[in-house]
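Geometric and topological summary
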Amino acid sequence: MNRTDLMPYNAPEAPVPPLRYDINVIPVQQNGSRYLLVHDPLLHAPDDLIFPEDIHAVLRVFNGKTPLTEIHKRYFGKSDINLSQLTDFVSSLDQNRLLHSPYYRQFSEMAEADFERMDVRPAVCSGLSYPTDPVELKAYFDDGFGQAHPPRTEIKALYAPHIDFRVGIATYAKAFSEVRNLKPSRVVVIGTSHYAGYYGKKYDDRPFILSGKSFSTPLGTVHADERALHLLKQEA
């Protein structure tokens, strides 16, 4: 991806951009201490950043209107944190794509444009929700499906769960064991788009998005049926 030509926040006299509304801030506890885990569903920010819990009070005053000089004077004037240190902290947040800033918006637009140009969708959950190594992945699924009941060959369609393998492998096994031995000529996958609402202009606010991308997996690439996709586009 090409680099953004904008710089992260570095001017304390300018208003501090607010925290992004589309990230998850999750309270967690470890070794008796409380933290905030930040997760970005869009994967623009680094994986699962963790901050001390008391940083939440600071993030709440970032409203996109108040300069950092005023925030420092109002909330940090009697602390050991000087303006330069606070500026570095805000700049780090922006550099990690956590603030809804011009820097982030340009980064996001470029990342989405790069994704649209890709012919193959990468396996973003590989190595997180399931093993990347093909041998380990097969063993993982064999173990997860080991207690499932025998499949029935009359199944033609499957309404299946959508949950992280790490917490729902037994539910997947119960559902997908029904079609485990089928050898269909074509598989049609209908899924929920979690992100289309963020990009209304790009997707014209339509409730259905047809993906022509093939899917990369640790076991090989699942190729899209280009002829079927062409016919569907003609009917749209």
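Scroll up a little and you will see the structure.
Presented here is a report on the structure given in the accompanying data block.

Some remarks on unusual backbone geometry
If you check the backbone angles, Asn31 has positive phi at about 50° while not being a glycine. As for its position among the elements, Asn31 is in the loop between strand S1 (24-30) and strand S2 (33-39).

Quick word on the sheet that holds S2
Taken in spatial order, the three strands line up as S1-S2-S3 in an open sheet, and their pairing is antiparallel. The two strands at the open ends of the sheet, each matched to only one other strand, are S1 and strand S3 (49-52). Strand-to-strand, the axes of this sheet are offset by a mean angle of 35°, without reference to chain direction. Where S1 meets S2, seven bridges bridge the pair, whose relative direction is antiparallel. Across the sheet, Gln30 pairs through a bridge with Ser33, a residue of S2.

Observations regarding the packing of helix H5 (residues 134-144) against helix H6 (residues 165-176)
Between H5 and H6, whose axes approach to 9 Å, the crossing angle comes to 55°. On the basis of their axis angle, the class for H5 and H6 is oblique. Counted together, Tyr140, Phe141 and Gly144 of H5 and Phe165, Arg166, Ile169 and Ala173 of H6 form the full contact between these two elements. For the contact of H5 with H6, the residue count by class is five nonpolar, one polar and one charged.

Definitions and cut-offs
- Residues numbered from 1 in each chain as written.
- Predicted model: local features only at pLDDT ≥ 70, side-chain atom pairs only at ≥ 80, totals over all residues.
- Heavy atoms only, no water.
- Helix = DSSP H or I, 4+ residues; strand = E, 2+ residues; numbered from the N terminus.
- Pairing = 2+ DSSP bridges.
- Axes fitted to C-alpha atoms, helices over the stretch in contact; angles between N-to-C directions.
- Parallel < 35°, antiparallel > 145°, perpendicular 65-115°, else oblique.
- Contact = heavy atoms within 4.5 Å.
- Nonpolar A, V, L, I, M, F, W, Y, C, P; charged D, E, K, R; others polar.

None of the figures reported here should be taken as evidence of function without further support.
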